[in-house]
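# Structural description and commentary
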Amino acid sequence: MSIFEPLQNTMGYIQSRLIAGRRAQHLVALSSLFNTGIQPAIKDIKPSVSYGQALQAKKEEDFVIVKTNCQRIPGDGSSTYDAFAILDGHNGSAAAIFTKDNLLNNVVSAVPSGLNGEEWLAALPRAMVAGFVKTDKDWRSKGTPYGTLRGIFSGTTATLVIVDGFTVTCACVGDSRCVLDAQGVATALTIDHRFDTNEEERERVVASGGQVARLHPYDCEIGPLRSWPGGLCLSRTIGDLDAGEYIVPVPHVKQIKLSPGGGRLIIASDGVWDALTSEKAAKVCRGEKQPEVAAKNIVKEAVKVQGLRDDTTCLVVDIVPPGRASRSFAPAVRKQMMVMKFLRRTRNKKCSTVAAPMEELFEEGSAKLSERLGPVT
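All of these numbers come straight from a predicted model, not from anything done at the bench.

Mapped onto the fold, His-90 is located in strand β3 (residues 80–90). Sequence-distant contacts of His-90, defined by excluding residues within four places in its chain, comprise Glu-61, Ser-154, Gly-155, Thr-156, Thr-157, Leu-232, Leu-234, Thr-237 and Asp-240.

Below, the discussion takes up the packing of aromatic side chains. Each aromatic ring pair is summarised here by two numbers: the centre-to-centre distance and the angle between the ring planes. All told, the structure shown has three aromatic pairs when counted by the stated rule. Arranged with centres 5.0 Å apart and planes meeting at 35°, the rings of Tyr-81 and Trp-120 form a pair that is tilted. Remark: Trp-120 occurs in helix α4 (residues 117–142) and Tyr-81 occurs in strand β3; sequence separation between them is 39 residues. Judged by its relative accessible area of 5%, Tyr-81 falls in the buried class.

Turning to the pairing of β3, a few remarks are in order. β3 sits mainly inside the fold: eleven of its eleven residues count as buried. Residues Thr-80, Asp-82, Phe-84, Ile-86, Asp-88 and His-90 line one face of β3 and the alternating positions Tyr-81, Ala-83, Ala-85, Leu-87 and Gly-89 line the opposite face, and both faces are buried. Pairing between strand β2 (residues 62–71) and β3: eight bridges, direction antiparallel. Pairing of Ile-65 across the sheet is with Ala-85, part of β3. Here β3 runs beside strand β5 (residues 158–164); their pairing, made up of five bridges, is antiparallel. From the neighbouring strand, Ala-85 faces β5, where its bridge partner is Leu-160. The pairing of β3 with strand β4 (residues 155–156) spans two bridges and is antiparallel.

Let us now look at the sheet that holds strand β14 (residues 312–320). Judged by pairing direction, the sheet is antiparallel, and its five strands sit side by side in the order β1-β14-β13-β7-β8 without closing on themselves. Edge positions in the sheet fall to β1 (48–56) and β8 (185–188), since each of these pairs with one other strand and no more. Mean inter-strand twist for the sheet, computed between neighbouring axes without regard to direction, equals 20°. When strand β7 (residues 177–182) meets β8, the two strands line up antiparallel, connected through four bridges. Each bridged residue has a counterpart across the sheet, and for Val-179 the counterpart in β8 is Ala-188. Those strands touched by helix α9 (residues 291–306) are β1, β13 (263–268) and β14, and its axis lies near 30° from that of β1.

Glycine aside, residues mostly have negative phi, and peptide bonds are mostly found in the trans state. With an omega of 10°, the peptide bond between Trp-228 and Pro-229 qualifies as cis. When you line up the elements, Pro-229 lands in the loop between β10 (222–228) and β11 (238–239). Positive phi is not limited to glycine here, since Asn-91 has a value of about 55°. Residue position: Asn-91 is located in the loop between β3 and α3 (94–109). Non-glycine residue Asp-240 carries a positive phi angle of around 55°. You can see Asp-240 is positioned in the loop between β11 and β12 (252–258).

Cut-off values and rules
Residues numbered from 1 in each chain as written. Predicted model: local features only at pLDDT ≥ 70, side-chain atom pairs only at ≥ 80, totals over all residues. Heavy atoms only, no water. Helix = DSSP H or I, 4+ residues; strand = E, 2+ residues; numbered from the N terminus. Contact = heavy atoms within 4.5 Å. Phe/Tyr/Trp six-rings, centres within 6.5 Å; stacked < 30°, edge-to-face > 60°. Buried < 20%, exposed > 50% of the residue type's maximum accessible area, 1.4 Å probe, protein only. Pairing = 2+ DSSP bridges. Axes fitted to C-alpha atoms, helices over the stretch in contact; angles between N-to-C directions.

Here is the structure:
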C-alpha cells in the first residue's frame, strides 16, 4: 500500500460528501412544492366567463342584467367579477325596470370598502340581502314617478348571480331559478318562492297573520295558491305595495365554489321553469358549445312544451376552466358521462374520494335574515 493511499481515500470521501451536499441543495421534497409560491399562482388564475341569452316576449315584463368585467378596485384589472340577473315583472313593468336600474349598484355599495378579494367574497352574501331590501325600500318611497297607478303597485322577481373566479353567489326572490350544470349533475342554486310548492313559505305567511288560499268563485277553488291581500302567487318579491307586510324582499342567498372543471349556469324566468324541470333544461343544451345557442335551445324547448303563455327568458353562463378558453367548452353529453362514471368507479377502487362539482360556502333562506344582519342604511 502506498503511503499516500489513506490520504487519497480521505480526500475521495470528502469530495463525495461535498458532491452529495450540492445535490441535496437542489433536491426539494415533493410536498414542499404545494407550500411554495407556485400553488397560489395556480389558484389565482381565474376562469373565463362567456354568456348568451334568449327571449320570447308575451307581456314584455322580463328584463335581463348583464355586467361583465366589473372591477372591485377601480383600475385594477385583476379584481374583476361578472354579474347576471333576470327580473320577471308582474302588474306592469315599472318595478322590474326600477330594479334593473338599481339592484346591482345597491348590492355592491353595501360591501365595505378596503377589502381584499377573499374578504369581499365573504361579505357578498350579506351585501346581497342589504341590496335587495334597499331596492324594495327605495321603490316604496320613490315608485310613484315610475309609472301609472297600476305601475306603482307592480312587483318583480329578481335572481342576481355574481361570478368571481370559481366562486358563484346567487340571491333570489320569486321564482326565476338559477341552475348549475356541472359534471353531468343539474343543481338548483335558488329556491322558488311559490305558495304552491314552498310549504315553509306558506307556513311563514299564515303564522304571521296572512291568508293563503285559491280563488273561489261560486264555491269552487281555481288557480294557484295566493296570499291575501294582493292575490300574489309568490311569497317574496320586490315591490307589490298592495300585498301587505307578509310579502318580503329578503332573498334566499347561496354561495358556492366550483371545482376546477368549471360549469354552466342556467338562469331563467318561470316561462322556462313552468315547462321544463332543472334536469330537462340542462339536458336540452348539454354538448352545445355556444352559450347563446344553448339559451335559444332552452327557450325553444319551453315554448314547444307549453306554448308562449308568458315571457320566456333564459341566460346561459359558462365558467370555463383555465387553459380551455381557446377551445370549445360545454358540459358533457350523456355518452361522455357514461364513460366518466365507469372511469370513476374504476378509480374509486383505488381512491375513495372523488371531487364534487361544487363546495357550498354559504346558504341562508330565512325571511328574518335582514333583521339578524342589522338595519339597512
